[in-house]
Amino acid sequence: MPVDPQGRWFDNTGPIRVDGGLAVRAKRGKIGEQWWSRRFVDILERTCDPGRLARGRAYARKGQVIDFELTPGRVAGRVQGSRPQPYEVTIAIPAYDEAQWTRVLAALGSQALYRAALLAGEIPHELVDLFDELELPLFPSTLEMSCSCPDWGTPCKHVSAVLYVLAEAFDDDPFLVLAWRGRGREGLLTALRGLPEPVETIDPLAVEEVELQTRLTDFYTPAISLSRLRERPGRVTVPPELLLRVLDAPQIRVRHIPLVDILRPAYRDLADPPST
Amino acid sequence: MLVVHGVWIAGESAPGRLALWAEDPALPLTTSSRARRRPHPFAVPPGALAAALTGSSDDVRDALAKAAETELVLQLPGTAKGPLPSPEAGSEAPGRGLRLGAWETPALVLPGELALTALGALAEPDPDGPWIAAASLRYLCVLAGHACDMARRGRMLPQLVVESGTPAGRWRPVLTGADAAGYRDFAAAMPPVCRSAAVGGSSDDAGSSATGSVGRTLRDALEVLVDAAARSLMPERMLLGLRPGPRTALAERWLFSLTGADPSLPGAKPADVAELSKPLVGWLRSAHDANGPIRVSFRLTEPPPGTDDWALDFALQSADDPSLYLPADDLWSGTRMPGLPANPDETLLAGLGRAVRLFPALHEALLDARPAAMALNTGEAHDFLRQAAPLLQAAGFGVQLPAWAGRKAVGLKLTTRTRSKTPSGKAAADSGFGLEQLVDFRIDLVIGDGTVSAEELAELARLKVPLVRVRGQWVELDDRQLKAALKAVGKRREGELTAGEVLQQVVDGGEEDLPLVEVDADGALGDLISGQAAERLTPVPTPPGFQGTLRPYQERGLSWLHFLARLGLGGILADDMGLGKTAQTLSLLLAERVDPDVPVAPTLLVCPMSLVSNWQKEAARFAPALRVHVHHGGARKRDDDFRSVVATADLVITTYGTALRDLGALREVQWGRIACDEAQAIKNSGTRQAQAVRAIPARTRLALTGTPVENHLAELWSIMEFCNPGLLGPAKRFRRRFQEPIEVRGDADATAALKRATGPFVLRRLKTDKSIISDLPEKNEMKVWCTLTAEQATLYQAVVEDMMAVIDNSEGIQRRGNVIAAMTKLKQVCNHPAHLLKDGSRLPGRSGKLARLEELTAEIIEDGDKALIFTQYSEFGTMLQPYLAAHLDRPVLWLHGGLSKARRDELVERFQSDTEPMLFLLSLKAAGTGLNLTAANHVIHVDRWWNPAVEDQATDRAFRIGQSRNVQVRKFICTGTLEEKIDAMIERKKALASSVVGTGEDWVTDLNTDQLRELFALDPVAVS
């Protein structure tokens, strides 16, 4: 393989430089710091011959990957090679359908741990196990890869470059792994938050209904004495603005001031309204 | 007398309205109309209703100024002939054949926003006014009060709603925790008549299905009332600057619509409304999330000795049953408990997530994937105690703190020692004791449980840490307390004081920041301070002039009264009702007069009018040697006559009203004592009555009350101010120091301090005390002497004259019938004028018996007891039932002949099993055999059956095998009437043989005219 005096390798023609390409940070050593990113790199490094791999890594470090787009089941990237027209790379995995995701969500909801971890920006090992148990593996064992370059070897260096860039993107945003399988970050968290509580929450306003017809003999009489209604359990002194503090404030502004900031002084004075 | 009902007309896509309508029992009860919708025959026309309501008070007039006169179709129970009158309007036993019918009822209708003010004004009708509030109206008044309370606590959020197609800004209640439980109680309690109107108030020919459901009616009413309450509490506007115009951003217009009078937002674009209301709806919904059955709980635990590692453990806990407690650690390791939601870890995390807002340091724990606890250092633990814990608790989280948390840690200990060389034996303890006596005292500083030296204190102050361990016990030190303590150690801490000064110091209880937390005094002073005087004093034996025997606890009471009186201290004798406060007081008067050579100034006894004849009778019975003068009534003595009669009297009995009117004359007398019976009468220190009795000078003072004074702190202060003027300090200080901490926070320290401050002056024995029970008979029978009102006396005289003429002119069977009729009428007059007249006229203030019954039942209820009340007249029971129920706002069950077996069983079952204090009215005839009412420990016979066997049989309902408590039996007798004379006869005959009068009332009919005239004659003493 020809190597120039600066130690750079090149093709016969050499790739065209890309301004603002997606260069990986890791200038030497492994690419993909987090274990979940490593899973991809491992697949790649298992299936690709070392030469293409090395060239792909170099492409990735140089920033030859112009961009990539991740949609459910498919990553499409553009890699600048030696020809003016960038090569188009696609890496596909099976995306899960609605029914499959419903199963995943139910399983995720069963332990708040996942939700807490996902919120904190991590993918715990248990999560992978959970997908495996459902026989809906999070990480593919094979990747369906193609490139528009004339290289007959698969994966070619362009595909490798995109995979390396992808691995590093996974480092930064593990949700991309999930998005590839069909659920984006927002969609997933919303679905998790919105999981109905399996125990029905008690509607505080639901009361027992009695037909007038059945109360004819005590139609005018309270069924619980009024003294009992007047009894109020002694309670700790509650600051009247407590509700404003304890709840998620609604995103409402009046004259650019958050609503809760306007309400707070008025609530504080409730217990002891200033005489007007 | 109009009976005014309240109906809530639930709104249809608009706020609901309040309707008032009234029954007039004087109108004909039936209608001849056969229509499906008929006019309510005895509902009052709206004009007359408005006149009656607004005539009684300016507040009501203002509140009802905008009421609309209208006609509602109400679904009410009734028969083919007419609607069933409400109990307040004198409904007879609701029989069979009742069904719902549509009745066109005139009403006053108020828009929702005015309902709160109107209910506030209607809450306390003038007892002398032309109308009374039925249970339905009183229910709505209580609901209005609840709405105000919620608004004052900030339990509502602003919302954007659409009312009749127009968007509007409204406040909506947030019902969580105790408020949610309260809401369910209100739902269960709602009298059906409150929702008898059609939703929206339409008077179209709608079926009964159109009336509001419980939930809809209550929810609508509460929402409307809370909105009105919030508006009344909120400032006029929350933002300064220009009022928004129709083109201002909706959020700003909406904000202004939340305060002031106009909630509507006409012309707002539906898209804007939807956008603004969405987050608001989510906000209100999330507020209700706290209602889950499981809550997150925090437990702070002390560090192991020698470390600084406080632990704050998280757990899930059942809101209903706090003993269902699952530590987060166990939760993460898979432990479950019954009642948990399917995803309990999510509940925990979500709860912790909410708690972060109130306790930001918690964030650190959430970095852990499976948060179970967090470690705090001492400073952080203190912050948690002071700031986060109360907020978390208020927000519905469980919080468990070490027992010492929140207690005042630093205090003073006062030690006194008498100087007498002789050991103060029990017998000699009080003999030479006086308030002038000098004692040695020492004051120590106490932190936690132990005393600390000045040096230790200085060291603690130097460390400047808020939480310290003193002698192995953690205490919270705050700066103010430390400063006060440092100041105190600089002061005189040893020396001598008079007993009186010590007492004053104990009552003062130290300063707010440095309270007196412990007192160690010996001798009689120690007994007095510890409240043990009654047990420790040398018993004063029953004085020779006392007719009867004092029970042992009564002798102890007498000794205590005597001891305080000798020291010149005022006392509160607060024994439970029925324990003989009157007898103890009378024996005190006798004991003071044992030595005939020592003149004793007279005692002035002030009592409610209903008790005058009782005192007179009891004095004559127990202490006939006392010279008693009753200063009361139009013919009472004045000027010189008064002075001369008082000069030779031992006991002068007067009423609170007379004391106020004759204050001038009463102040001139040198009283040995002024005693107030039913001292609740002076519970409000600002009233003229209370001021009057305080203004009468006397050497010593005594208050008698049966209500538990510790439950009514303002009342306690006022009564103490009467007994020992100035001793407790000004009311304001008392409120700040004791009343608010105890009533609002249930502060244990303040409760102990109050007990120490008042203990020396209050003697309260409960009938359930072990030492008392053994002294009491199982069945304690008492006669309650009542006086006739002037109206009763006039009626009584008229009946006697009428009937004697009729009896004179008749013979044989006819005469017998007339005699019985005369007796019945006279007994009815003794009960109540309205009982004789049967005119549905007003009840309060017209009968001595009723006044006494009101006082007695109030006291019974206050004590948490249950009573059986027997009358032989079903119509009197029907009058009493709604009246007492309204007066007490407690259940008053009514068992009479018109009830089905099932209904009787139901009543008996409720009386026996419900824990709420309540009354059970029974018709003597209907309450035949087979009833077992052992839940009662009071029996009252309102009128007399001249056959003691029948009375005894009735009494035994409450007094059966299984009754573990002592039963008090009271028989009401009107003095000076035939009731008193027949009672005397029964007593005489009883003395011969108890079976002699077993033949009922027949013997009376055999009396000749002169005997009858004597039997029926009214003794002038009877009239009040």
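Residues numbered from 1 in each chain as written. Chains lettered and ligands numbered in written order. Predicted model: local features only at pLDDT ≥ 70, side-chain atom pairs only at ≥ 80, totals over all residues.

## Examining the overall build of chain B
Applicable threshold: Helix and strand definitions here come from DSSP, where helices need a minimum of 4 consecutive H or I residues and strands a minimum of 2 consecutive E residues; each element is numbered from the N-terminal end. Every C-beta atom is placed from the backbone, and the number of other C-beta atoms within 10 Å of a residue's own sets its class: buried at 20 or more, exposed at 12 or fewer, partly exposed in between. Throughout, a residue-residue contact means that the two C-beta atoms, derived from backbone geometry, are no farther apart than 7 Å.
For chain B, the helix and strand inventory stands at 38 helices and 33 strands. Per-residue burial for chain B yields a buried fraction of 48% across its 1024 residues. Restricting to contacts in chain B with at least 6 residues of sequence separation, those with at least 24 account for 72%.

## Regarding the packing of helix α29 (residues 790–808) of chain B against helix α38 (residues 1009–1016) of chain B
Residue and element names in this part refer to chain B. Here is the rule we go by: Fitting a line to C-alpha atoms yields each axis, with helices limited to the stretch in contact; the angle taken between N-to-C directions then spans 0 to 180 degrees. An angle below 35 degrees is read as roughly parallel, one above 145 as roughly antiparallel, one from 65 to 115 as roughly perpendicular, and any other as oblique. By the definition used in this description, the sense in which the near helix is turned from the far one sets the handedness, with an anticlockwise turn below a right angle giving left-handed and a clockwise turn giving right-handed. Residues are grouped as follows: nonpolar covers Ala, Val, Leu, Ile, Met, Phe, Trp, Tyr, Cys and Pro; charged covers Asp, Glu, Lys and Arg; every other residue, Gly included, is treated as polar.
Where α29 meets α38, the axes come as close as 11 Å, and the angle between the chain directions of the two elements is 165 degrees. As judged from the angle between their axes, α29 and α38 are roughly antiparallel. Every pair of crossing elements has a handedness; the one defined by α29 and α38 is right-handed. Of the residues in α38, those in contact with V800, M804, I807 and D808 of α29 are T1009, L1012, R1013 and F1016. For the contact of α29 with α38, the residue count by class is 5 nonpolar, 1 polar and 2 charged.

## As for the sheet that holds strand β4 (residues 144–147) of chain A
Residue and element names in this part refer to chain A. Convention followed: DSSP bridges decide pairing: two strands pair if at least two such bridges lie between them.
Pairing in this open sheet of 4 strands is antiparallel, and the strands run β1-β2-β3-β4 from one edge to the other. The two strands at the open ends of the sheet, each matched to only one other strand, are β1 (65–71) and β4. This sheet shows a mean twist of 15 degrees between the axes of neighbouring strands, independent of strand direction. Pairing of β1 with strand β2 (residues 74–79), which is carried by 6 bridges, proceeds in the antiparallel orientation. For T71, the partnering residue across the bridge sits in β2 and is R74. Against the sheet, helix α6 (residues 157–172) engages β1, β2, β3 (87–92) and β4, with an angle of about 60 degrees to β3.

## A few points about unusual backbone geometry
Residue and element names in this part refer to chain B. Of note in this structure, S13 is not a glycine but carries a positive phi near 55 degrees. Here S13 is to be found in the loop between β1 (2–9) and β2 (17–23). Even without being glycine, D639 reaches a positive phi, approximately 50 degrees.

## A few points about the interface of chain A and chain B
Contacts between chain A and chain B engage 64 residues on the former and 86 residues on the latter. For the side of chain A that touches chain B, the secondary-structure elements that each account for two or more residues are α4 (112–119), α9 (226–230), α10 (242–246), β5 (253–254) and α11 (259–268) of chain A. When the residues that make up the side of chain A that touches chain B are grouped by side-chain class, the tally is 39 nonpolar, 12 polar and 13 charged.

## Focus: the confidence of the model for chain A
If pLDDT is low for a region, its predicted coordinates should not be looked at in detail. Residue and element names in this part refer to chain A. The cut-off we apply is this: Values of pLDDT, the confidence the predictor places in each residue, fall between 0 and 100.
Across chain A, the average pLDDT comes to 77, with 76% of residues at or above 70. Per-element averaging of pLDDT across chain A places α4 at the bottom with 62 and α11 at the top with 93. Ignoring residues within four places in sequence, the model shows residues 1–5, a span with pLDDT below 50, making 6 contacts including any to other chains. This model gives residues 195–201 a pLDDT under 50, and the stretch forms 10 contacts once residues within four places in sequence are excluded.

## Let's talk about the packing of helix α3 (residues 112–122) of chain B against helix α4 (residues 135–152) of chain B
Residues and elements named next belong to chain B. The N-to-C vectors of α3 and α4 enclose an angle of 120 degrees; their axes lie 9 Å apart at closest approach. Relative to α4, the element α3 lies oblique. For the element pair α3 and α4, the recorded crossing hand is left-handed. Residues L116, L119, G120 and L122 of α3 form the contact with α4, whose participating residues are L137, L140, C141, A144 and A147. Grouping the amino acids of the contact of α3 with α4 by side-chain chemistry returns 8 nonpolar, 1 polar and no charged.

## Observations regarding the sheet that holds strand β28 (residues 779–786) of chain B
Residues and elements named next belong to chain B. As summarised here, the arrangement of the 6 strands in space is β28-β33-β32-β29-β31-β30, forming an open sheet in which the pairing is parallel. Every interior strand has two partners, whereas the edge strands, β28 and β30 (892–895), have only one. Strand-to-strand, the axes of this sheet are offset by a mean angle of 20 degrees, without reference to chain direction. Both strand β32 (residues 938–941) and strand β33 (residues 967–974) contribute to a ladder of 4 bridges, which runs parallel. Bridge pairing in β33 links V939 to V969.

## Considering the nonpolar core
Residue and element names in this part refer to chain B. The cut-off we apply is this: Any nonpolar core is a set of buried residues, restricted to Ala, Val, Leu, Ile, Met, Phe, Trp, Tyr and Cys, that join up through C-beta atoms within 7 Å.
Ranked by internal contacts, the top residues of the largest apolar core, which has 144 residues, are A19, A147, L225 and L392. Take this core: its biggest share by element is 12 residues, from α4. Core analysis: the next-biggest nonpolar cluster, separate from the first, contains 103 residues, V502, V506, A521 and A750 among them.

## Here's the deal with the environment of B:P1020
Residue and element names in this part refer to chain B. If you trace the backbone, P1020 turns up in the segment after α38. Among the residues examined, P1020 registers 10 C-beta atoms within 10 Å and is labelled exposed. On a C-alpha basis, the gap between P1020 and E302 in space is 75 Å, while along the polypeptide they are 718 residues apart.

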